[in-house]
Amino acid sequence: MSSSVSFDPRVLKTPQPVPGAPDNWKRFFSFNTDAKVIGIQYIATALFYLLVGGVLAMIMRGELITPAADLVDPSVYNGLYTMHGTVMLFLFLFPILNGFNNLLIPPMIGAPDMAFPRLNAAAFWLFPVFGVILMASFLVPGGPSGSGWWAYPPQSIQNPLGHFINGQFLWILAVALSGISSIMGAINFVTTIIRMRAPGMGWFRLPIFCWTAMAAQTIQLVGLPVLTAGAVLLLFDLSFGTSFYRPEGGGDPMLYQHFFWFYSHPAVYVMVLPVFGIFSELFPVYARKPLFGYKVVAIASFGITVLSLIVWVHHMFYSGTPQWMRNLFMVTTMLIAVPTGIKVFAWIATLWRGKLRLTTAMLFCLGGLVNFIFAGITGVMLATVPVDIHVGNTYFVVGHFHTVIFSTITFGIYAGIYHWFPKFTGRMTYEGLGKLHFGLTFVGAQLNFIPMHWAGLMGMPRRVASYDPEFAFANVLASLGAFLLGVAMIPFILNIVSSWARGPKAPPNPWQAIGLEWLLPSPPPAENFEDDVPTVISGPYGYGLGKPLVENEAHYVARALEA
Amino acid sequence: MTNLSAASAGPLRPRTLGLVAIALLLDGVASLRMADWSHQWLPLPASAAAPYVDDLFALETGIGTFIFLGCVSVIGWTLLFNRAPKYDMDDGDPIEGNLRLEITWTILPLVIVMLIAWHAIRVSDTLATLGGKVRVTGTAEAMALANSGAESSRSVAAGSFGPIEVIGRQWSWEFVYPNGVRSTELHLPLNLRSSFHLIATDVIHGFFIPAFRLKQDMIPGSVIDYSLIPTRVGRYRLRDSMFSGGYFSSNQTDVVVESEADFQHWLEQAARQPLKPGYNEARRLYEKRLAEGDRGWATVPPAPPPLVHVSTNPAAVHVS
């Protein structure tokens, strides 16, 4: 605060990030309605929970480095893996992607803010609430929920100690609140994209990130009510003696599996679609080429949305599902290979004959793409009924899932952070630390997740705290990989913290990227373009085409440089 | 793969075509080798289903390797030859799309996955392991239903054995044979179709024998009919594959496949043994936990070990 420049006192009090103003950090701890503040609130809180989930994972891998259950009690292991999954999904991935939505959607479409700023802030502030509820479950008698992030009844409603407030109770509460928060977010994002685009920005001039955000948030709106209802019924069975899922009372545990997977399979697409968006934004920038087949890539996002809602039974192939249903859901699941294939091939074609710049962001994109191709192939294997009957519920699934959720989605998130960090903080990150972060993460991820596929093929069930000695070698490799991933966080944190504190000042468009957000100063003013919203006159990604993106582009470029 | 032909922005030169052909050939050879190798990533095949599953997996490994190497080669090529030199701020070729290419890479994956699906459906029909499912309201009703099935002549065709009741508990396995013998390790006759009634008494369990490549959940409130044909003599692992709480990891036992004569002999011998509590790893661990002051997070206590004629031998060595 000891800046020698004098500021208008009104600037100091404003809750918005004003360029050039002293860093009024208090806004990040207040009920702030600015999407850019909320975006950073989401991302910072989510990254904290990434560390929490990562520590849980490393304790698990410490247990699994030897066959016997010797580090923690098996009941503790069950709690750890349940919380690891729940934290990573509900407290890291969903919130951090909502952070990206908040930061990126308004500037990308030329809107001043979200459609419903207060709803937006309320959705964010639910996040620390259910975060604390979930963390509090470590402290209640009996420990946190130990029934996995699926929480399948009847196991999840056994309640061994009989207390009303127990780990499972808090878990369901947190998940239901997370669902409500996500629905509030989804209403906001969808409305903003439909209603608040800049003049001239038709659907086929919309950046792919917004297309994928739209596709993903549509899934939230359709699917989340089902999960939330399923969770409420579970809460009633657990706490109020109903028997929706208890066979003794005429219920059926299979009903829960349908409720759960109807949302929770599409949930993976809610997480992966925005990352497809990030890939589609970044490959053109760093390959200096237009996105290959832009329109098809855009529409394919909605192909994934539609298909994602009709594949859920592939999680239940071995649950007593009749053969005709297995066949039907195998076919729908395999169809997903088509729109995702279109995207993968389009990205590769975008690289072809480009002028590749291997920045940290680009490296994470390339690594994520290679990992995703691998995960796509194991995904088709898992869709194949007879193969799934063998590898389902084994470590093969754990390996596949982590290759998607970490080696693709989290890679894409890292890429997005390195790419847009200068835009929203006004500071450049350090490339050397970034590349070290990438190298360690890439090697750690392969070492961690590839041996899991092998263990699964050999018949190691997932979620075990101990295992037969024949799986020891694969598990030692996986544990070493996990610890390496822990080490990889050090350069990342160092980079982010030191860059924000004293990194070199970022110009408005450090990557020579095309897009409305790059016509704004870094960081953008509170209301982005304010009253001077540009008129969009061509599609995105016009690299090498020599067409301006907006009318009177030179004016906006100059204005951004002046700020 | 198709994307290699993206090289042809202009007319195809013979040299380019030659390079692509060599690349595809190498890719094909590597894929065949991987498909071959994939059999070694799996346990020994010990049931009639195993060869079908392994071949399907090998087919997918081959196709998957071909696509993966194809894509990664193109990415690698661009990394080697399309990198911008330092300080080169130019843009790449402004290629916006190629309709023919896009149609190709939409249709081709569609055809490939539909062929795989069609093949997989035929394999499932051949295996036909899953029978019917009857809803019940509790364990007592499940047992009664399973027993009535055993007494009547339903479902037991010539050349098959069973039905064997498979009872899953937190955390033990119990097998009841048609002659009333009870055991905690599963004995099966070689090359006969054995049929099962799968019953879970408390929570969902998974009946999973990796060497057989077969798995079926056992669901409280349902009696599920299941059958399979063991094809190799030996001792294999049977694991609970559906997370079932506290001592889930310890809920494993062995499957012993014997010649039909040996199996009949075992059944007769077993019938003469007295009933005694079976070996139970979960119980041992739980008692150890209690002895050490009951630290850890909450778990339901293990169900009492079932009273059986033949118990599992924890020291026995399984093949896979």
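Only a predicted model underlies this, so the values are computations on that prediction, with no experimental measurement involved.

Peer 1: Is there a simple way to think about the state of the cysteines in this case?
Peer 2: Disulfides are covalent bonds that connect the sulfur atoms of two cysteines. Under the criterion given, the structure shown has 0 disulfides over all chains. You can see C210 of chain A has no disulfide; the closest cysteine sulfur is in C365 of chain A, sitting 16 Å from it. Overall, C210 of chain A belongs to the buried group, its relative accessible area being 0%. C365 of chain A forms no disulfide, and the closest cysteine sulfur to it belongs to C71 of chain B, at a distance of 16 Å. Of the residues examined, C365 of chain A reaches a relative accessible area of 0% and is grouped as buried.

Peer 1: I tried to follow the packing of aromatic side chains on my own but got confused; where do I start?
Peer 2: Aromatic ring pairs: the centre-centre distance and the angle between the two ring planes describe each pair. Across all of its chains, the model carries 71 aromatic pairs over all chains by this definition. For the pair F196 of chain B and F207 of chain B, a centre-to-centre distance of 5.4 Å together with 55° between the ring planes defines the contact as tilted. Here F196 of chain B is found in strand β6 (residues 193–200), whereas its partner F207 of chain B is found in strand β7 (residues 205–209), with 11 residues between them in sequence. The pair formed by F196 of chain B and F207 of chain B is uniform in burial state, with each residue classed as buried. The cationic tip of R197 of chain A hangs over the ring face of W203 of chain A; the distance from NZ or CZ to the ring centre is 4.3 Å. The aromatic ring of F204 of chain A is capped on one face by K295 of chain A, whose charged end is 5.2 Å from the ring centroid.

Peer 1: Even after reading the chapter, I still don't get the packing of helix α11 (residues 360–383) of chain A against helix α2 (residues 49–81) of chain B, so can you show me in this structure?
Peer 2: Each packed pair of helices is defined by two parameters, the angle between the axes and the distance between the axes. With their axes 9 Å apart at the nearest point, α11 of chain A and α2 of chain B run at an angle of 165° to one another. Taken together, the axes of α11 of chain A and α2 of chain B lie roughly antiparallel to each other. As for how α11 of chain A packs across α2 of chain B, the hand of that crossing is right-handed. Residues L366, L369, V370, I373, F374, I377, V380 and M381 of chain A of α11 of chain A lie in contact with α2 of chain B, whose contacting residues are F57, E60, T61, G64, F68, C71, V72, I75 and L79 of chain B. Looking at side-chain class alone, the contact of α11 of chain A with α2 of chain B contains 14 nonpolar, 2 polar and 1 charged residues.

Peer 1: Please explain the interface of chain A and chain B as it appears in this structure.
Peer 2: Many structure descriptions define interface size as the accessible area lost when the parts assemble. Residue-level contacts link 101 residues of chain A with 92 residues of chain B. Of the roughly 8300 Å² buried where chain A meets chain B, counting both sides, 68% is carbon and sulfur surface. Among the residues chain A hides against chain B, the three largest losses belong to F345, W352 and R353 of chain A. Together they make up 10% of the total. The interface formed by chain A and chain B holds 8 salt bridges in total. A salt bridge links D468 of chain A to R237 of chain B; the nearest nitrogen and oxygen atoms lie 2.8 Å apart. Of all elements in the fold, only α3 (74–109), α7 (253–287), α8 (294–308), α9 (323–335), α10 (337–351), α11, α12 (385–391) and α14 (431–457) of chain A reach the threshold of two or more residues within the side of chain A that touches chain B. Across the side of chain A that touches chain B, the residue classes tally to 59 nonpolar, 28 polar and 14 charged.

Peer 1: Which parts of the structure should I look at to understand the sheet that holds strand β11 (residues 252–258) of chain B?
Peer 2: Note: strands within a sheet are paired through backbone hydrogen bonds, in either parallel or antiparallel orientation. Residues and elements named next belong to chain B. With mixed pairing, the 5 strands of this open sheet are ordered in space as β5-β11-β10-β7-β8. The open sheet has two edge strands, β5 (186–189) and β8 (214–218), and neither has a second partner. Across the sheet, the mean angle from the axis of one strand to that of its neighbour is 25°, orientation sign disregarded. Pairing analysis gives 6 bridges linking strand β10 (residues 234–240) to β11, with the strands arranged antiparallel. Its bridge partner lying in β11, Y236 is registered against V255. Of the strands in this sheet, β5 and β11 are in contact with helix α5 (residues 260–272), which crosses β5 at around 140°.

Peer 1: Can you walk me through the nonpolar core in this structure?
Peer 2: Where a protein is soluble and globular, its nonpolar side chains tend to be buried together. With 267 residues, the main nonpolar core has I96 and I413 of chain A together with Y177, L186, F196, F207 and F212 of chain B as its most contacted residues. The element contributing the most residues to this core is α7 of chain A, with 22 residues. No fewer than three residues from each of domain 1 (2–82 + 98–126) and domain 2 (130–308) of chain B sit in this core. The contacts of F212 of chain B, once residues within four sequence positions are left out, are A46, S47, A49, A50, L188, L228, P230, Y236, V255 and V257 of chain B.

Peer 1: How should I be thinking about the layout of surface pockets in this particular structure?
Peer 2: Rolled over the atoms, a probe with the dimensions of a water molecule shows which regions are left empty. Approximately 910 Å³ is the volume attributed to the largest pocket. Lining the largest pocket are 40 residues, with S466 of chain A together with S250, E281, R284 and L285 of chain B positioned closest to its centre. Broken down by secondary-structure element, the contributors of at least two residues to the lining of the largest pocket are β3 (172–176), β11 and α6 (281–291) of chain B. Classifying every residue of the lining of the largest pocket gives 16 nonpolar, 13 polar and 11 charged.

Peer 1: Where do I start with the environment of A282 of chain B in this structure?
Peer 2: Residue and element names in this part refer to chain B. With respect to the helices and strands, A282 occurs in helix α6. Given the relative accessible area of 0%, A282 is considered buried. C-alpha of A282 to C-alpha of N251: the two residues are 31 residues apart in sequence and 7.2 Å apart in space. Non-local contacts of A282, meaning those with residues more than four positions away in its chain, are made with W171, Y247, S250 and P302.

The rules behind the values
Residues numbered from 1 in each chain as written. Chains lettered and ligands numbered in written order. Predicted model: local features only at pLDDT ≥ 70, side-chain atom pairs only at ≥ 80, totals over all residues. Heavy atoms only, no water. Disulfide = S-S within 2.5 Å. Buried < 20%, exposed > 50% of the residue type's maximum accessible area, 1.4 Å probe, protein only. Phe/Tyr/Trp six-rings, centres within 6.5 Å; stacked < 30°, edge-to-face > 60°. Helix = DSSP H or I, 4+ residues; strand = E, 2+ residues; numbered from the N terminus. Lys NZ or Arg CZ within 6 Å of the ring centre and 35° of its normal. Axes fitted to C-alpha atoms, helices over the stretch in contact; angles between N-to-C directions. Parallel < 35°, antiparallel > 145°, perpendicular 65-115°, else oblique. Left-handed = near helix turned anticlockwise from the far one by under 90°. Contact = heavy atoms within 4.5 Å. Nonpolar A, V, L, I, M, F, W, Y, C, P; charged D, E, K, R; others polar. Buried area = accessible area lost by both parts, 1.4 Å probe. Salt bridge = Lys/Arg side-chain N within 4 Å of Asp/Glu carboxyl O. Pairing = 2+ DSSP bridges. Core = buried A, V, L, I, M, F, W, Y, C linked by side-chain atoms within 4.5 Å. Domains from an automatic or database assignment. 1 Å grid on protein atoms, 1.4 Å probe; cavity = no way out; pocket = protein on both sides within 12 Å on 5 of 7 lines; lining within 4 Å. Points joined across faces, edges and corners; volume = space filled by probe spheres on them.

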